[in-house]
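Topology and contacts: notes
One-letter residues, chain by chain:
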Amino acid sequence: MLKQHFCSTPAKELLSRDKTLVVMPLTSQCEPYGEGLIATGLEEADAHPVNETWSVSETVTRGQSGRCYWSETNNLICVAHWLSKDECEQIEQSTQFAYEAILAVLDEHKFPHPFRFWNYLPGINVGNGDDEVYKKFCTGRLKAFESRGISAQAFPAASALGHHSDGAVFYVFASRARPRHFNNHRQVNSYDYPRQYGVTSPSFARATALSLNTSHFLFISGTASITGHQTLGEDDIEKQLTVTMENIRHLLDTANPDNRELATFKVYIRHAHHLAFIRHWLTTHYPQVEAVYTLADICRKDLLVEIECFCD
Ligand code: 3EB
């Protein structure tokens, strides 16, 4: 069993429940707060106190190895690594070292298959052209994957967003069972993006399916208004939302071996003034899907919204 929820129950209370794997408070801090808590620097779009929680049916063990904080069961591990404000000044190298440290912990704990990464960093759109923070992050991430022998076919689902705080965090879910990674035929594979998007292409799958015992899950990466490799609907939130949901629908139809259904949306919104429109649109079209709305910078300057999904 693996479940994701968004609720206002205090983080301490959520953590005290024995089936809680990790809690991600939506707060402006982005730093370690202790085992089981992952503060990301991302804020809820209405400044409501919301905690993201992942719960399991197995016993949870937690610990710290060097700068990595981990929570694990017998079939799943979550590992988080933060960067300080100063380390973010050297984002390429700091990303590489943090990723290498995370991947080493996965090996030590015998969870060789990362299946879902989240990356939250400050000033993601700062810098021009190849000097943009997101692009340097991509280079550091790819160097780490390469140094640990992880090739494009094994790149997991991911999200990479900017927050407005100091410090960065990378966290991953990994398994003993082998996940299945999928691309989206409507989009160029992330690792095949042409040169105009950076020296190094991003390294992620569009969706990753995982089976644990008899349960099946689908993790859909942060998804935006991109077809081929191009952004569609510049300055048009309705168009971007429509294309984003078409991309997600396509993944549900073609990258979903166990026919999972949408359970949750984590919605990243660049401009607070789009919140009401996006929330209304999604609750109208997907009333059964639990959603959280966060303010975040998206890794391409022309993207206004990005949505990730958990399906069970
Ligand atoms: C895109 O499709 C939009 O670099 O890990 C989405 C999900 C995006 C993950 C990442 C980037 C990442 O290219 C951006």
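Look up: the structure comes first, before these words.
Everything numeric here is computed off the predicted structure, so don't read it as measured data.

**Observations concerning the site of the ligand**
Lining the immediate surroundings of the ligand are 13 residues, of which Tyr134, Arg141, Tyr193, Arg206 and Cys299 lie closest. Arg141 has a polar side-chain atom sitting 2.7 Å from an oxygen atom of the ligand. Relative to its unbound accessible surface of 350 Å², the ligand loses 99% to contact with the protein. For the shell around the ligand, the secondary structure elements donating two or more residues are α3 (133-147) and β9 (157-163). Here the shell around the ligand gets 3 residues from one element, more than from any other, and that element is β9. Tallied by class, the residues present in the shell around the ligand amount to 8 nonpolar, 2 polar and 3 charged.

**With respect to the pattern of salt bridges**
Applying the stated criterion across every chain yields a total of 14 salt bridges. Residue Arg195 is joined to Asp130 by a salt bridge in which the shortest nitrogen-to-oxygen separation is 2.6 Å. A residue pair is termed long-range when its members are at least 10 positions apart, and Arg195 in the loop between β11 (180-182) and β12 (207-212) and Asp130 in the loop between β8 (113-122) and α3 qualify at 65 residues. Residue classification places Asp130 among the partly exposed residues on the basis of a relative accessible area of 34%. For Glu246, the salt bridge is made with Arg186, and the minimal N-O distance between the two is 3.4 Å. Here Glu246 is found in helix α4 (residues 237-254), whereas its partner Arg186 is found in the loop between β11 and β12, with 60 residues between them in sequence.

**Description of the packing of α4 against helix α5 (residues 275-285)**
One way to put it is that α4 packs onto α5 with a least axis distance of 11 Å and a crossing angle of 40°. Viewed along their axes, α4 and α5 form a crossing whose handedness is right-handed. Contact with α4, carried on its side by Ile237, Glu238, Leu241, Thr242 and Met245, involves Phe277, Ile278, Trp281 and Leu282 of α5 and no other residues of that element. Its residues placed into classes, the contact of α4 with α5 shows 7 nonpolar, 1 polar and 1 charged.

**Brief notes about the side chain of Thr53**
Inspection of the secondary structure puts Thr53 in strand β4 (residues 51-56). Not counting residues within four places of it along the chain, the set of residues in contact with Thr53 comprises Lys3, Gln4, His5, Leu14, Thr20, Val22 and Val23.

**What to know about the pairing of strand β6 (residues 68-72)**
For β6, a buried count of 5 out of 5 residues is recorded, marking the element as mostly surrounded by other parts of the structure. The alternating pattern of β6 places Cys68, Trp70 and Glu72 and Tyr69 and Ser71 on opposite faces, both of which are buried. Pairing of strand β5 (residues 61-65) with β6, which is carried by 5 bridges, proceeds in the antiparallel orientation. Paired with Gln64 across the strands is Tyr69, a residue of β6. Hairpin connection between β5 and β6: a loop of 2 residues separates the two successive antiparallel strands, and Gly66 in this loop has a positive phi of roughly 60°. Judged from the 5 bridges that link them, β6 and strand β7 (residues 76-83) form a sheet pairing that is antiparallel. When the bridges of β7 are listed, Trp70 appears paired with Val79.

**Looking at the environment of Trp118**
Note that Trp118 resides in strand β8. With 89 residues separating them in the primary sequence, Trp118 and Ala207 have C-alpha atoms 13 Å apart. Here Trp118 is in contact with Trp54, Ser159, Val169, Phe170, Tyr171, Phe173, Tyr268 and Glu308, once residues within four sequence places are set aside.

**Looking at the nonpolar core**
Ranked by internal contacts, the top residues of the largest apolar core, which has 41 residues, are Leu21, Ile38, Trp54, Tyr171, Phe173 and Phe219. Top element by residues in this core is β7. It accounts for 4 residues. Not counting chain neighbours up to four residues away, the residues in contact with Ile38 comprise Val22, Val23, Met24, Pro25, Cys78, Ala80, Trp82, Val169 and Tyr171. Counting 34 residues, the second largest nonpolar core, distinct from the first, contains Cys68, Ile77, Ala98 and Cys299.

Reading the values: rules and limits
Residues numbered from 1 in each chain as written. Predicted model: local features only at pLDDT ≥ 70, side-chain atom pairs only at ≥ 80, totals over all residues. Heavy atoms only, no water. Near = heavy atom within 4 Å. Polar contact = N/O pair within 3.5 Å; in protein donor to acceptor, adjacent residues only side chain to side chain. Areas by Shrake-Rupley, 256 points an atom, 1.4 Å probe, with all protein chains shown as cover. Helix = DSSP H or I, 4+ residues; strand = E, 2+ residues; numbered from the N terminus. Nonpolar A, V, L, I, M, F, W, Y, C, P; charged D, E, K, R; others polar. Salt bridge = Lys/Arg side-chain N within 4 Å of Asp/Glu carboxyl O. Buried < 20%, exposed > 50% of the residue type's maximum accessible area, 1.4 Å probe, protein only. Axes fitted to C-alpha atoms, helices over the stretch in contact; angles between N-to-C directions. Left-handed = near helix turned anticlockwise from the far one by under 90°. Contact = heavy atoms within 4.5 Å. Pairing = 2+ DSSP bridges. Core = buried A, V, L, I, M, F, W, Y, C linked by side-chain atoms within 4.5 Å.

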